[in-house]
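Inside the fold
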Amino acid sequence: MSTCPRRADRPSWGRRPYCGETPGEVELPLGVLAEAGLGPGSKIVAYSAGDGRIVLRRTEDAVAELMETGDLS
């Protein structure tokens, strides 16, 4: 069972990310994607940088770095 509110009941942006249509999917404002150099529909990985920042990266870039270095910077 999903804990996401129905589309009609969703709060406005700024309160929390909207839940997507499928499990594990989240909708982000286009400005956030553009700032990270990502396009709509991009497969991304979100993780903490350890200093309070949340980092958004293309999945293939994050996986490549993990395979090369064993860590995400």
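Now for a description of the structure that goes with this document. (Residues numbered from 1 in each chain as written. Predicted model: local features only at pLDDT ≥ 70, side-chain atom pairs only at ≥ 80, totals over all residues. Heavy atoms only, no water.)

1. Topic: the overall build of the protein
Short version of the rule: Secondary structure elements are taken from DSSP: a helix is a run of H or I of four residues or more, a strand is a run of E of two residues or more, and numbering for both begins at the N terminus. Buried residues are those whose accessible area, probed at 1.4 Å on protein chains only, stays under 20% of the maximum for their type, while exposed residues exceed 50% and partly exposed ones sit between those limits. What makes two residues a contact is simply this: any of their non-hydrogen atoms within 4.5 Å. The Shrake-Rupley method, run with a 1.4 Å probe sphere, supplies the accessible areas, and residue values consider only the shown protein chains as cover.
Across its full length, the protein carries 2 helices and 4 strands. Reading the protein from its N end, one meets helices and strands in the order β-β-α-β-β-α. A burial count over the protein gives 18% of its 73 residues as buried. Looking at the protein alone, contacts between residues at least 24 apart form 6% of all its contacts between residues at least 6 apart. When the accessible surface of the protein is split by element, carbon and sulfur atoms take 55% of a total near 5,700 Å².

2. Quick look at the environment of Glu-35
Within the fold, Glu-35 resides in helix 1 (residues 30-35). Looking at Glu-35, the relative accessible area reads 75%, which means it is exposed. With 21 residues separating them along the chain, Glu-35 and Leu-56 place their C-alpha atoms 9.7 Å apart.

3. Regarding the environment of Leu-38
Relative to the elements of secondary structure, Leu-38 occurs in the loop between helix 1 and strand 3 (44-48). Classification of Leu-38 as buried rests on a relative accessible area of 7%. The spacing of Leu-38 and Arg-57 is 19 residues in sequence and 8.0 Å in space, taken between C-alpha atoms. Among residues more than four places away in sequence, those in contact with Leu-38 are Leu-33, Ile-44, Leu-56 and Arg-58.

4. Things to note about the pairing of strand 3
Just so we agree on the cut-off: Should DSSP find at least two bridges between two strands, the strands are taken to pair.
Where strand 3 meets strand 4 (residues 54-58), 5 bridges bridge the pair, whose relative direction is antiparallel. Bridge pairing in strand 4 links Ile-44 to Arg-58. Hairpin connection between strand 3 and strand 4: a loop of 5 residues separates the two successive antiparallel strands, and Gly-50 in this loop has a positive phi of roughly 90 degrees.

5. With respect to the side chain of Glu-65
Its location among the elements puts Glu-65 in helix 2 (residues 59-69). Apart from the residues within four sequence positions on either side, Glu-65 is in contact with Arg-57, Gly-70, Asp-71, Leu-72 and Ser-73.

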